Amino acid sequence: MEKQDSGGGCGKKGGTSDAGTMLYRGEGVPYNAPQMSLLGQIGAGTRARLGGATRTIALVWAVAAKSVRPDVWTAPLRNVLARQVLFTGLEATNFVSLIALIVGALVVVQAQYWLVRLGQAALIGPILTAVVVREVGPLLTNFVVIARSGTAISTELATMKVHGEVRALDAMGIDPFVYLVIPRVLGVAASTFCLTVIFLAVTFVGGFLCLWVIELGDVDVGLFFGNIIGAIGVRDVFSLLAKSILPGMMTGAICCDEGLAVGAAATEVPIAATRGVIRSVATLFVTSLLISLMAYL
Amino acid sequence: MGAREDSEWIRAEAVRATPDGPAWSFAVPRGGALWIPDVRDGEAAWLDWLTGIEPPPAGQMFWKGVEWRERNPDDAAAERGRMGCVFAVGGLLANLDMDENVWLPARIHRRAEAEAGIERWARFFGVWPLPAERAPFVRERDRRKILWVRAFAVNPEALVLERPLRDAPAEDRTLFLAAVREARAAGCATVWLDEDLDAETRAALAPLAQAAPESA
């Protein structure tokens, strides 16, 4: 539902039209549009993607700008935020921990194999830090968040839109952007950061346990964790914060945007979920790459 | 553009659902009642236009003398918070229980005084204590009553009622019409959206104006 000006402006675009009659090839190009040249298609696709990226950044900015106003944080809004953190963060802890344990073991097995052959076994800590803290940890955690919460947010908001709940909020003077989007975006971002920290902790513990088994208990705990902590620098902390919070916010914004962009047809709900996941994954990779370039080059 | 009369709370000027469709002009004074013969699944989205959440395709819709589009978003939201709406479809949030649904607008608009109103109207409509279940698990009849409680509990300055009595049993209709009378006596402007009104409803809403499109 289009608002006069909701601050963030979640509205209709691709997928289908209001009446659900116009089908789109994707990225806002209708099926009945005249055939374009290859160059035209590349240009149209690039423009559509740039437009989507701009829209996402604008949404994240609007969330950040509006959420600092204390009067926004009414009791129902805090309740929605708490529920989002519960679902995205707390309820995902076990799954994330399991994946982290396995990743820790896998990385340690490979690192141990190659480092021993090269006579550099002491580098296990820095290697773990470089692989897990800088790249794998934030990336995998964000994947879990997108798969669990991104789809849930898109589907929930799209269903609310189809069932007229968003219209009802609007009619009661409750800004859907404030009530639905802000707590979800912030909840996903905070949860992603916490899950990333948990992921890293469990990965290192899993890695240590794996190493302990391989070496038949002949591993110094202090040396192992001291190596890891010593290898973490300021840039790693910056990278970790940026790679967990920014993609988390963007996932929340993209999935809210896609969910609220549906029209009146129930068939648009799964389309919104799919588009939300695809856009979130693409944004995750691009954001991670940009942060890595900024932090380490 | 200001109001023609201070008492005109809702006013439509040449509102059209389609560019070449009939134009509707009407005004609802404080305490007045208006019936708009609203065709189900028609092109007109009267509730959206009356509450300013969407502008009509043509024409102007005023609330307390100010066109909705001239208000800033925060002001418009605050004004909508002073209106009570009953929706023909949906209206309750599925992921909130009934208590949270009724309290939602009062809490968002920070109206602590709504507590007394909520209990009073919930008792009046026979749904006190409010069901602790979420909307999908509450029977249709109670869901409708919860919508009524939420609409009346905010001491509305205007009521926009979209087929509020659809499939309602006789005793519920009587209660609802009594509630509307009481709200109007307190100065609430009422707009009733329905295809047709039976004699009992017309009598209960008297004096009742009927909106009609201007001839082309």
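Because the structure is a prediction, the values reported are computed rather than measured.

Concerning the overall build of chain A
Assigned secondary structure in chain A consists of nine helices and zero strands. Going residue by residue from the N terminus, the α and β elements of chain A occur as α-α-α-α-α-α-α-α-α. Classification of the 297 residues of chain A by burial places 47% in the buried group. When contacts within chain A are restricted to residue pairs at least 6 apart in sequence, those whose partners lie at least 24 apart make up 80%. Surface accessibility of chain A: about 13,500 Å² in total, with carbon and sulfur atoms responsible for 72%.

Some words on the pattern of salt bridges
According to the stated counting rule, one finds 31 salt bridges over all chains in the structure shown. Two residues, B:Glu100 and A:Arg83, come together in a salt bridge whose shortest N-O distance is 2.7 Å. With one member in each of two chains, B:Glu100 in helix 3 (residues 98–108) and A:Arg83 in helix 2 (residues 75–88) form a pair that bridges those chains. Note that B:Arg141 is salt-bridged to B:Asp172, the shortest N-O span being 2.7 Å. With B:Arg141 in helix 5 (residues 140–153) and B:Asp172 in helix 6 (residues 170–185), the pair connects residues that are 31 residues apart, well separated along the chain.

Concerning the pairing of strand 3 (residues 33–37) of chain B
Residue and element names in this part refer to chain B. Across the five residues of strand 3, four count as buried, placing the element largely inside the fold. Two elements, strand 3 and strand 8 (residues 189–194), share five bridges in a ladder whose sense is parallel. When the bridges of strand 8 are listed, Ile 36 appears paired with Leu 193. By the bridge criterion, two bridges tie strand 3 to strand 9 (residues 209–210) in an arrangement that is parallel. Counted as the bridge partner of Leu 34 is Ala 209 from strand 9.

Topic: helix 6 (residues 176–214) of chain A
With 39 residues, helix 6 of chain A should cover 57 Å at 1.5 Å per step; its first-to-last C-alpha distance of 54 Å lies within 8% of that length. One side-chain oxygen of the residue at the start of helix 6 of chain A lies 2.9 Å from the amide nitrogen of A:Phe177, identifying that residue as A:Asp175.

A few points about the pairing of strand 1 (residues 8–16) of chain B
Taken residue by residue, a regular strand's side chains alternate between the two faces of the sheet. All names here are of chain B. Burial within strand 1 is extensive, with seven of its nine residues counted as buried. In the sheet, strand 1 pairs with strand 2 (residues 23–29) via five bridges, with the strands oriented antiparallel. Across the sheet, residue Glu 8 finds its bridge partner in strand 2, namely Pro 29. Taken together, strand 1 and the strand that follows it, strand 2, pair antiparallel across an intervening segment of six residues. As paired elements, strand 1 and strand 4 (residues 58–63) share five bridges and run antiparallel to each other. Paired with Arg 16 across the bridge in strand 4 is Ala 58.

Considering unusual backbone geometry
Residue and element names in this part refer to chain B. That bond from Trp 128 to Pro 129 is cis: its omega, 0°, falls within 30 degrees of zero. Residue placement: Pro 129 occurs in the loop between helix 4 (114–124) and helix 5. Positive phi, normally seen in glycine, also occurs at Asn 155, with a value near 50°. Phi angles above zero are rare outside glycine, and Asp 167 is one such case at about 60°. The topology assignment puts Asp 167 in the loop between strand 7 (158–162) and helix 6.

Here's the deal with the interface of chain A and chain B
At the interface, 28 residues of chain A touch 33 residues of chain B. For the pairing of chain A and chain B, the buried interface totals around 2,400 Å² over both sides, and the portion due to carbon and sulfur atoms is 51%. Between the two partners, chain A and chain B, sit four salt bridges. Those elements that provide at least two residues to the side of chain A that touches chain B are helix 2, helix 4 (124–162), helix 5 (165–171) and helix 6 of chain A. Top contributing element to the side of chain A that touches chain B by residue count: helix 5 of chain A, with six residues. Class assignment of the residues belonging to the side of chain A that touches chain B gives a composition of eleven nonpolar, six polar and eleven charged.

Things to note about the nonpolar core
As a rule of thumb, nonpolar side chains are buried together in soluble globular proteins. Judged by nonpolar contacts, the single largest core of 66 residues is most densely connected at B:Phe26, B:Ile36, B:Trp46, B:Leu50 and B:Phe152. Ranked by residues supplied to this core, first place goes to helix 5 of chain B with seven residues. Residue contacts for B:Ile36: discarding those within four places in its chain leaves B:Trp24, B:Phe26, B:Trp46, B:Leu50, B:Val191, B:Trp192, B:Leu193, B:Asp194 and B:Ala211. Formed by 60 residues, the second largest nonpolar core is a distinct cluster that contains A:Ala92, A:Ala100, A:Leu200 and A:Phe204.

What counts and how
Residues numbered from 1 in each chain as written. Chains lettered and ligands numbered in written order. Predicted model: local features only at pLDDT ≥ 70, side-chain atom pairs only at ≥ 80, totals over all residues. Heavy atoms only, no water. Helix = DSSP H or I, 4+ residues; strand = E, 2+ residues; numbered from the N terminus. Buried < 20%, exposed > 50% of the residue type's maximum accessible area, 1.4 Å probe, protein only. Contact = heavy atoms within 4.5 Å. Areas by Shrake-Rupley, 256 points an atom, 1.4 Å probe, with all protein chains shown as cover. Salt bridge = Lys/Arg side-chain N within 4 Å of Asp/Glu carboxyl O. Pairing = 2+ DSSP bridges. Expected span 1.5 Å × (residues − 1). Polar contact = N/O pair within 3.5 Å; in protein donor to acceptor, adjacent residues only side chain to side chain. Buried area = accessible area lost by both parts, 1.4 Å probe. Nonpolar A, V, L, I, M, F, W, Y, C, P; charged D, E, K, R; others polar. Core = buried A, V, L, I, M, F, W, Y, C linked by side-chain atoms within 4.5 Å.

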